[in-house]
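Coordinates in review
Given next are the chains, with one letter for each unit.
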Amino acid sequence: MSNSDPKPMHPSSWAKKTGFKPKFSGETNASDSGQIALPTNTTQPDTNLDLESGRVRSQTLPDANGNGNGVGAAQGEKVLVKKRRESDGAPKNSVPSTNGQANAPPPVDQPLRRAARHEEVVDDDEFVHRQSHMKYELRDSPGLVPIGVYGIQHYFSILGSLILIPLVIVPAMGGTHEETSKVVSTVLFVSGVTTLLHITFGSRLPLIQGPSFVYLAPALAIINSPEFRGLNENKFKLIMRELQGAIIIGSSFQALLGYSGLMSLFVRLINPVVISPTIAAVGLSFYSYGFPIVGTCLEIGAIQILVVIVCSLYFRKISVLGHRIFLIYAVPLGLAITWAFAFMMTEAGVYSYKGCDINAPASNMVSEHCRKHYSRMKHCRVDTSQALKSSPWFRFPYLLQWGTPIFHWKMALVMCVVSLISSVDSVGSYHASSLLVASRPPTPGVLSRGIAVEGLSSVLAGLWGTGTGSTTLTENVHTIAVTKMGSRRAVQLGACFLIVLSLIGKVGGFIASIPDVMVAGLLCFMWAMLTALGLSNLRYSEAGSSRNIIIVGLSLFFALSIPAYFQQYGISPNSNLSVPSYFQPYIVASHGPFHSKYGWLNYVLNTLFSLHMVIAFLVAVILDNTVPGSKQERGVYVWTEPEVARREPAVANDYGLPLRIGNIFRWVKWVGL
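Everything numeric in this text was worked out from a predicted model, so none of it was measured.

Helices and strands together make up the secondary structure of the protein chain, namely 26 helices and 7 strands. Put simply, the protein chain has 673 residues, and 57% of those count as buried. The long-range share in the protein chain, meaning contacts at least 24 apart out of those at least 6 apart in sequence, stands at 80%.

Further remarks concern the confidence of the model for the protein chain. Per-residue pLDDT for the protein chain averages 78, and the proportion of residues at 70 or more is 77%. The least confident element of the protein chain, judged by mean pLDDT, is strand S5 (residues 127-131) at 30; the most confident is helix H23 (residues 612-624) at 95. Taken together, the stretch residues 1-132 has pLDDT below 50 and engages in 260 contacts with residues farther than four places along the chain or on a different chain.

Taking 1.5 Å of rise per residue, 20 residues should cover 28 Å, and helix H20 (residues 516-535) covers 28 Å from first to last C-alpha, within 8% of that figure. Burial analysis of H20 places 14 of its 20 residues in the buried class, the great majority of the element.

Before going further, it helps to examine the pattern of salt bridges. This model, assessed by the stated rule, comprises 5 salt bridges. Here Asp624 and Arg634 are joined by a salt bridge, their closest N and O atoms 3.1 Å apart. Highlighted residues: Asp624 in helix H23 and Arg634 in helix H24 (residues 631-634), separated in sequence by 10 residues. Arg634 gets classed as buried once you look at its relative accessible area, which sits at 15%. Here the salt bridges do not stand alone but share partners, grouping Arg547, Asp624 and Arg634 into one network.

We now examine the side chain of Ser448. On the secondary structure map, Ser448 appears in helix H16 (residues 444-464). Judged by relative accessible area, Ser448 falls into the buried class, the value being 0%. If sequence neighbours within four positions are ignored, Ser448 has contacts with Gly258, Met263, Ser264, Trp670 and Val671.

This next bit is on a nonpolar patch on the surface. A cluster of nonpolar side chains, Ile309, Leu313, Tyr314, Phe315, Ile318, Val320 and Leu321, forms an exposed patch at the surface whose accessible area comes to about 710 Å². Along the chain, Val320 turns up in the loop between helix H10 (298-314) and helix H11 (325-328).

Moving on, we come to the environment of Ala564. Mapped onto the elements of the fold, Ala564 is located in helix H21 (residues 546-568). When the C-alpha atoms of Ala564 and Val588 are compared, they prove to be 9.9 Å apart, with 24 residues separating the residues in sequence.

Glancing now at the state of the cysteines. Using the criterion set out here, one finds 1 disulfide in the structure. What pairs with Cys297 in a disulfide is Cys380, and their sulfur atoms sit 1.9 Å apart. Between Cys297 and Cys380, the disulfide has an S-S torsion of 125° and is therefore right-handed. Pair noted here: Cys297 is in the loop between helix H9 (287-294) and H10 and Cys380 is in helix H13 (residues 368-380), with a separation of 83 residues, a long-range link. Summarising the burial analysis for this pair, Cys297 and Cys380 share the class buried.

An ideal rise of 1.5 Å per residue puts 42 Å on 29 residues; helix H15 (residues 409-437) measures up with 41 Å between its terminal C-alpha atoms. Within H15, 25 of the 29 residues are buried, which leaves the element mostly enclosed by the surrounding structure.

Time to look at the packing of helix H2 (residues 144-157) against helix H17 (residues 475-483). It is at 10 Å that the axes of H2 and H17 come closest, and there the two elements cross at 130°. On the basis of their axis angle, the class for H2 and H17 is oblique. The handedness of the crossing between H2 and H17 comes out as right-handed. Between H2 and H17, the contacting residues are Gln153, His154 and Ser157 on the first element and Asn476, Thr479, Ile480 and Thr483 on the second. Counted by class, the contact of H2 with H17 contains 1 nonpolar, 6 polar and no charged residues.

This next bit is on the packing of helix H4 (residues 177-201) against helix H18 (residues 488-502). Running from amino to carboxyl end, H4 crosses H18 at an angle of 155°, the nearest separation of the two axes being 8 Å. When the axis of H4 is compared with that of H18, the two are roughly antiparallel. Of the two elements, H4 crosses H18, and the hand of that crossing is left-handed. Facing H4, whose interface residues are Ser185, Leu188, Phe189, Ser191, Gly192, Val193, Thr195, Leu196, Ile199 and Thr200, H18 presents Arg488, Val491, Gln492, Ala495, Cys496, Leu498, Ile499 and Ser502. Taken together, the residues of the contact of H4 with H18 break down into 10 nonpolar, 7 polar and 1 charged.

Our focus in this paragraph is the nonpolar core. Membership of the largest hydrophobic core comes to 120 residues, with the highest contact counts inside it found for Phe213, Leu216, Val427, Ile514 and Met518. Looking at this core element by element, the count peaks at 13 residues for H15. Sequence-distant contacts of Val427, that is, excluding residues within four places in its chain, are made with Met263, Val267, Ile270, Ile275, Leu447, Tyr637 and Trp639.

What follows concerns the packing of aromatic side chains. Applying the stated criterion to the full structure yields 20 aromatic pairs. Consider the rings of Phe315 and Phe326, whose centres lie 5.3 Å apart with planes at 65°: the pair is edge-to-face. Residue Phe315 is located in the loop between H10 and H11, and its partner Phe326 is located in helix H11; the two are separated by 11 residues in the primary sequence. Pairing Tyr637 with Trp639 gives two aromatic rings, centres 5.9 Å apart and planes at 55°, and the pair type is tilted. There is no split in this pair, since Tyr637 and Trp639 are both buried. Ring-pair connections join several aromatic residues into one group, and the members of that group are Phe213, Phe286, Tyr289, Trp527 and Phe583. In this structure, Lys410 packs its charged tip against the face of Tyr603, placed 4.6 Å from the ring centre. Across the ring face of Trp393, the terminal group of Lys506 is positioned such that the distance to the ring centre comes to 5.6 Å.

Reading the values: the criteria
Residues numbered from 1 in each chain as written. Predicted model: local features only at pLDDT ≥ 70, side-chain atom pairs only at ≥ 80, totals over all residues. Heavy atoms only, no water. Helix = DSSP H or I, 4+ residues; strand = E, 2+ residues; numbered from the N terminus. Buried < 20%, exposed > 50% of the residue type's maximum accessible area, 1.4 Å probe, protein only. Contact = heavy atoms within 4.5 Å. pLDDT = per-residue confidence, 0-100. Expected span 1.5 Å × (residues − 1). Salt bridge = Lys/Arg side-chain N within 4 Å of Asp/Glu carboxyl O. Patch = residues over 30% accessible without salt bridge, like charges linked within 9 Å, V, L, I, M, F, W, Y side chains within 5 Å. Areas by Shrake-Rupley, 256 points an atom, 1.4 Å probe, with all protein chains shown as cover. Disulfide = S-S within 2.5 Å. Axes fitted to C-alpha atoms, helices over the stretch in contact; angles between N-to-C directions. Parallel < 35°, antiparallel > 145°, perpendicular 65-115°, else oblique. Left-handed = near helix turned anticlockwise from the far one by under 90°. Nonpolar A, V, L, I, M, F, W, Y, C, P; charged D, E, K, R; others polar. Core = buried A, V, L, I, M, F, W, Y, C linked by side-chain atoms within 4.5 Å. Phe/Tyr/Trp six-rings, centres within 6.5 Å; stacked < 30°, edge-to-face > 60°. Lys NZ or Arg CZ within 6 Å of the ring centre and 35° of its normal.

The following block contains the structure:
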């Protein structure tokens, strides 16, 4: 591919295409968080705000003498500039900006240089030397040791997203601690394998694949289906096989959506105003599970939440050896500190009551004293689980370990819709991460390819039996912004480490032994983060627009109110339901308002309309695509045009498939560059 094309796209053409203007009403641009920003003119770049340091910084282009003292130095910072690496292959007549758009070409006699990653910025209290952008970008490979360290760090920082879903769904399916341990190990294994597949053959962005909270609500709805009530023997394996069948069919639909090119057409309906309430509704929908479980052992659960909040907010600027340890590892640190506290309380005998046996069911306890304290013994003690002792040292998760999947179309149709919501979530993650690490956003073809690989990854998750589909973790984008690690080689090496870790059975057993009150405490933080990350997509649009305010407000309200109507329909106030109160929203299939002669249709409609994210998506996508609004107001995502990607080697190197595999897709334009 030649880089001699003398006609780079002028920024005005990008502006006309996207509708973006240099300044947003009432907002400040932030390049580190992926804020869309266009240069105000061809000679003076925008001034950006560093969200973490709270100070303004500016990037400069060198003057005619190449001294780096040209425009953009009004704030007095000293900015170092250097030549763009030859490996980037970028044409010298254009340079990609932080939002993936082309800046104006410099004069012929002025060679364009790339701003260095380091600059001096004024902090709250003193001058500090800190990194202005990413430590390592998409194609950087600094060496085996650095990428290994950063890769492992990347996975530990999103540990909660990887392990929490199995800790919720397996007990709900009637599984034992040993079965929870096996599912956790399987999730870690599949996450490592699918991450390697996605980075190598999918979008090629450093995005971790794992069990998404998008799949949690439909999984709970299937688990609490009427046909599974009253089952005791082999209940876990039966429900798991049903989930496997639904996930395999739904994920096959997602793969077809990507490889057929339909995703390229569907993405035209998807923009920040649609994605924001949809993802926010996922986090808001689990409020009935979070603090009610924390309240079963308030002194442990409240400490869990407070420690995570203190680490992630009050200690977020504390650096150790140049790393913001407390911000990056807020969840693992919170878990470790709380677990240590609960262990000391257990060993001190605080939760030991004379004459009471925690291993005896509450129904068999004769003493009123023991029945009174049974809940505290069950939820506060850390030695009630035998998962760690019973787990083997080595265990290889194998295909169809729970048996042959069972296929029911009514459950599969629910999962098909959920896979569509999962694709919507991934669209926002692709765009936001590309602004941080890549030269330009991906093309619609690359986006379709990524969604297709996610579908195939979820098929693998269904075959292995993780209980949920596999998709891009939304929290991953926040991790990239915080750690400033965007190298895909680092994430690939971390995925290999995760696969090795999954083979150690004691690791799964250790995670499975986390008390459920600590799981709920972590989920309160994770779901709140997911809600905030969803709403953060509004920064790509005019968040103050009355049009957008009304659409987002209606989407969120109806996302909570309409499912509440379905969930409460037909239930009398004094009804004695056999499921816990926090699972009652997911038994709607048996009593919802749809009562046609087709049982499968009743199941599908009652279940789908009880899912908050489905309602949020439907309301948002209909209103946003029917209510008039400019592209700037709607915040339409910017995707790189295929012809631009083909003529700029930097973009081709970012998203091109390795090992000449891209030649296979040369005839299939809708899944390539």
